[in-house]
Amino acid sequence: MCGIVGCTGSTPVKDVLVNGLKRLEYRGYDSAGVAIQEPDGLKVVHRVGKVAGLESELAYHGELNGTCGIGHTRWATHGRPSTANAHPHTSCDGRIAVVHNGIIENFAELRERLQERGHRFSSETDTEVLAHLVEEAYEQHPGDLLTAMRTSLQHVIGAYGVAVVCADEPGVIVCARKDSPIVVGRGADASYVASDIIALIDATRDVVVLEDGQLARLTPDGIAYFDERGRQIEPCVTHVDWDVDLAEKGGYPDFMLKEIHEQPRVVRDTLAGRMVGGELSIDELGLSYEELNLIDRVYVIACGTSYHAGLIAKNLIERWARIPTEVEVASEFRYRNPIITPSTLVVAVSQSGETADTLAAIRDARIKGAKVFGITNVVGSPVARESDGVIYTKANKEIAVASTKSFLGQVVSLTLLALLLAQTKGKLTTAQVRLLFRELGDTAEQIEGILQDATAIDEAAVACKDAASALFVGRGIGSAICYEGALKLKEISYLHAEAYAAGEMKHGPIALIDDGFPVIAVATQSPVYDKLVSNLKECEARGALIVAIATEGDEEIKKVAQHVIYIPKVRDCFTPITASVPLQLFARSIALLRGCDVDQPRNLAKSVTVE
Ligand code: AGP
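No experiment lies behind these values; they were computed from the predicted model shown. (Residues numbered from 1 in each chain as written. Predicted model: local features only at pLDDT ≥ 70, side-chain atom pairs only at ≥ 80, totals over all residues. Heavy atoms only, no water.)

Caption draft 1: A look at the environment of Y483. Inspection of the secondary structure puts Y483 in helix α17 (residues 477-493). The exposure class of Y483 is partly exposed, given its relative accessible area of 33%. Filtering out sequence-adjacent residues up to four positions away, Y483 remains in contact with H308, L311 and A499. (Helix = DSSP H or I, 4+ residues; strand = E, 2+ residues; numbered from the N terminus. Buried < 20%, exposed > 50% of the residue type's maximum accessible area, 1.4 Å probe, protein only. Contact = heavy atoms within 4.5 Å.)

Next up, the structure:
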């Protein structure tokens, strides 16, 4: 996630901003910048690369003694990593500078209207529209940056944590929040704003976390708080006694849990701006309607967790678009001389965008004439650069080695692709696509509900923690979910686990079952639920300890499962999104009980750049 810092006081802020940005580096970024009020106007310095490089560049800008400024670290989502796209972004006259976290869904429409009114843009970002909106509003409200910001945001659809400064209002920073964190606080002789408590913690531990729709106006003497109608409000002050390590994790005990809890935002951000005028839109696919319509075979190539996202994609693409889809591990695909024609679509899935096997498979597929489409979490990564088109999963940097939020971003992105293919092929009507898209968006709130209570998950984890092995079983799309559930468990708790289509149990694996053997079942409501329950009864009759992920309200499952983890009822096609979350928490809970490091499991790397 991008990072925001800001300070206004009585002493120079340059070092405060740079040090604050350094505190945010752990979150991952590809560019950085600051805007500082100087006597002759705003000094804006931004560049691609690290904060250290920004610090060096600032040294060339002479004495920067300004006592009010803002800074930003950018993790690219719209627009590649570049100096031009680095924040802060400024108005045409350079007198207003903005830093922003989040996604402005309607930025293209706003940009077009602003350009029609003569505004000149210097970046590819969605953020820059804010600088020009505030510029226009400030002309209507001169000397009132707060109202200019507040009225500008009324045109914005999407998520923002934003801070703005203006050359005509010395010492003033205005910030606002909707769906992307902003915290503010008073230090000894200055006021501070940041996107993350970690960047304020040296100055103050008494902070106000803005709520959605709220704004704050910071001056060297104090901070005033306002609601979205401009009415002044009293803030809720929080005292933070975290140490730096805990603050980096946002108060969570480990990055894995923090990132699991970020998944509702990942769903929302990945879907943001995808329904334009009632039609599904994936412009970055790089394929015309005609090219899409000619596709008669899809290969999904990936490794590990990303391969499991591909298994889910197969189910959805064949279910909705009726296009034959094969899912292959990249390390096999690249050596088996696959059958590829110009009407073959190859989808390469990779959170890091650097996996050597996946990259090699992409190159092989392109040599054979396939259109290649990448799904990755890193803008400008090798997978993105070597594909004909790319969807970014908008999960922001994932620090824990074991994928959680980036996996969910992949599943949501692949669901979008399946819907687009079905829409293009005429297999789903526009109305059906809209309905499914809306339900896909509802999973964010359903995940929030799941995350509120992990009691049943933790109880099941205690029951399974000492096992030597476990089986994950499911049917239909549930079996695809099981593969990722099994990998998550074994890679962070070192407890061996395998996934099997439940119908396969009787063809061998059931020999493993004896008293207390854990069988973890994805047993949500589906067309094959009854068949799955029958398979579970076969296991239970041989002493298995059954843990079932089930649909709220299902009483039948209690007759066969000793532990039931309920999740909200969703359409079967969306259970990969909702059912994966308790399996992530289950694996994490067992790993902690077994004394494992959930963020840095032994032997694993975040990106596997070797064969
Ligand atoms: C992450 O949880 C997995 N352990 C790992 O299998 C990963 O999914 C795999 O290495 C592929 O990485 P990628 O998505 O960056 O290509």
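Caption draft 2: Local environment of the environment of R366. Along the polypeptide, R366 turns up in helix α12 (residues 356-367). Overall, R366 belongs to the partly exposed group, its relative accessible area being 37%. Spatially, the C-alpha atoms of R366 and Y138 are 51 Å apart, while their sequence positions differ by 228 residues. Not counting residues within four places of it along the chain, the set of residues in contact with R366 comprises V372, E386, S387 and D388.

Caption draft 3: Structural context of empty space enclosed by the protein. By the definition in use, this model includes three cavities of 30 Å³ or more. What the largest cavity holds in volume is close to 190 Å³. Lining the largest cavity are 20 residues, and of these C2, T77, N101, G102 and I103 lie nearest its centre. When contributions to the lining of the largest cavity are tallied by element, the ones reaching two or more residues are β6 (96-101) and α8 (263-271). Here the residues of the lining of the largest cavity sort into five nonpolar, nine polar and six charged. (1 Å grid on protein atoms, 1.4 Å probe; cavity = no way out; pocket = protein on both sides within 12 Å on 5 of 7 lines; lining within 4 Å. Points joined across faces, edges and corners; volume = space filled by probe spheres on them. Nonpolar A, V, L, I, M, F, W, Y, C, P; charged D, E, K, R; others polar.)

Caption draft 4: Structural view of the sheet that holds strand β4 (residues 68-74). Ordered in space as β3-β2-β4-β1-β10-β9-β11-β15, the eight strands form an open sheet in which the pairing is antiparallel. Strand pairing shows two members of the sheet lacking a second neighbour, β3 (41-48) and β15 (237-239), which therefore form its edges. Geometrically, the sheet is characterised by an average inter-axis angle of 20° between neighbouring strands, direction not taken into account. The pairing of strand β9 (residues 183-186) with strand β10 (residues 190-194) spans four bridges and is antiparallel. Bridge pairing in β10 links R186 to S191. (Pairing = 2+ DSSP bridges. Axes fitted to C-alpha atoms, helices over the stretch in contact; angles between N-to-C directions.)

Caption draft 5: The arrangement of the environment of V522 in detail. Note on placement: V522 falls in strand β25 (residues 518-523). In this structure, the C-alpha to C-alpha distance between V522 and C482, residues 40 residues apart in sequence, is 6.9 Å. Not counting residues within four places of it along the chain, the set of residues in contact with V522 comprises V473, G474, G478, I481, C482, L532, I549, A579 and L583.

Caption draft 6: Geometry of the layout of surface pockets. What the second largest pocket holds in volume is close to 780 Å³. Along the wall of the second largest pocket there are 30 residues; nearest its centre are H78, E105, A272, G273 and R274. When contributions to the lining of the second largest pocket are tallied by element, the ones reaching two or more residues are α3 (107-116), α8, β16 (275-276), β22 (389-392) and α15 (430-451). Here the residues of the lining of the second largest pocket are counted per class, giving 13 nonpolar, eight polar and nine charged.

Caption draft 7: Structural detail: unusual backbone geometry. Of the consecutive residues H87 and P88, the connecting peptide bond is found in the cis state with omega at 0°. The residue P88 is located in the loop between β4 and β5 (89-90) in this model. In this structure, R322 takes a positive phi of about 55° despite not being glycine. For R322, the position within the fold is in the loop between α10 (304-321) and β19 (325-329). When its relative accessible area of 59% is taken as the criterion, R322 is described as exposed. One non-glycine residue with positive phi stands out, namely N337, at about 50°. Position of N337 among the secondary structure elements: in the loop between α11 (330-333) and β20 (344-350).

Caption draft 8: Layout of the sheet that holds strand β12 (residues 215-219). The antiparallel open sheet is built from seven strands, whose spatial order is β5-β6-β7-β8-β12-β13-β14. The open sheet is flanked by β5 and β14 (232-233), the only strands paired with a single partner. In terms of strand pairing, strand β8 (residues 173-178) meets β12 through four bridges, oriented antiparallel. Paired with V174 across the two strands is R217, which belongs to β12. In the packing of helix α4 (residues 128-140) onto the sheet, contacts are made with β5, β6 and β7 (160-166), and the angle to β6 comes to roughly 135°. Seen against the sheet, helix α5 (residues 145-153) touches β7, β8, β12 and β13 (222-226) and runs at an angle of roughly 145° to β7.

Caption draft 9: Main features of α10. Under the 1.5 Å per step criterion, the end-to-end length of α10 is 25 Å for 18 residues, consistent within 8% with the ideal 26 Å. The set of residues buried in α10 consists of T305, S306, H308, A309, G310, L311, I312, A313, L316, I317, W320 and A321. One or two positions beyond α10, positive phi appears at R322, with a value near 55°. (Expected span 1.5 Å × (residues − 1).)

Caption draft 10: View of the pairing of strand β1 (residues 3-9). The element β1 is extensively covered by neighbouring structure, given that seven of its seven residues are classed as buried. Residues G3, V5, C7 and G9 point to one face of β1 and I4, G6 and T8 to the other, with burial holding for every one of them. Where β1 meets β4, six bridges bridge the pair, whose relative direction is antiparallel. Along β4, the bridge assignment pairs G3 with T73.

Caption draft 11: Just the side chain of H87, in detail. Relative to the helices and strands, H87 resides in the loop between β4 and β5. Here H72 takes part through its side chain, which lies 3.4 Å from a polar atom of the side chain of H87. Separated by 3.3 Å, the side chain of H87 and the backbone nitrogen of H100 make a polar contact. Every residue in contact with H87, bar those within four places of it in the chain, is listed here: A32, G33, H46, H72, R74, V98, V99, H100 and T127. (Polar contact = N/O pair within 3.5 Å; in protein donor to acceptor, adjacent residues only side chain to side chain.)

Caption draft 12: Seen up close, the site of the ligand. In the vicinity of the ligand there are 14 residues, among which S306, S350, S352, T355 and E491 approach most closely. T305 places a main-chain nitrogen or oxygen 3.0 Å from an oxygen atom of the ligand. Within the side chain of S352, one N or O atom sits 2.6 Å away from an oxygen atom of the ligand. Coverage of the ligand by the protein amounts to 91% of the 410 Å² it exposes when considered alone. (Near = heavy atom within 4 Å. Areas by Shrake-Rupley, 256 points an atom, 1.4 Å probe, with all protein chains shown as cover.)

Caption draft 13: Quick peek at the nonpolar core. Judged by nonpolar contacts, the single largest core of 122 residues is most densely connected at V298, W320, V347, L421, F472, L489 and F586. Considering each element in turn, this core owes the most residues, twelve residues, to helix α14 (residues 405-424). Dropping the residues within four chain positions of it, V298 is found in contact with I317, I323, P324, T325, E326, L345, V347 and L421. Core analysis: the second largest hydrophobic core is formed by 30 residues, I104, F121, L153 and V156 among them. (Core = buried A, V, L, I, M, F, W, Y, C linked by side-chain atoms within 4.5 Å.)

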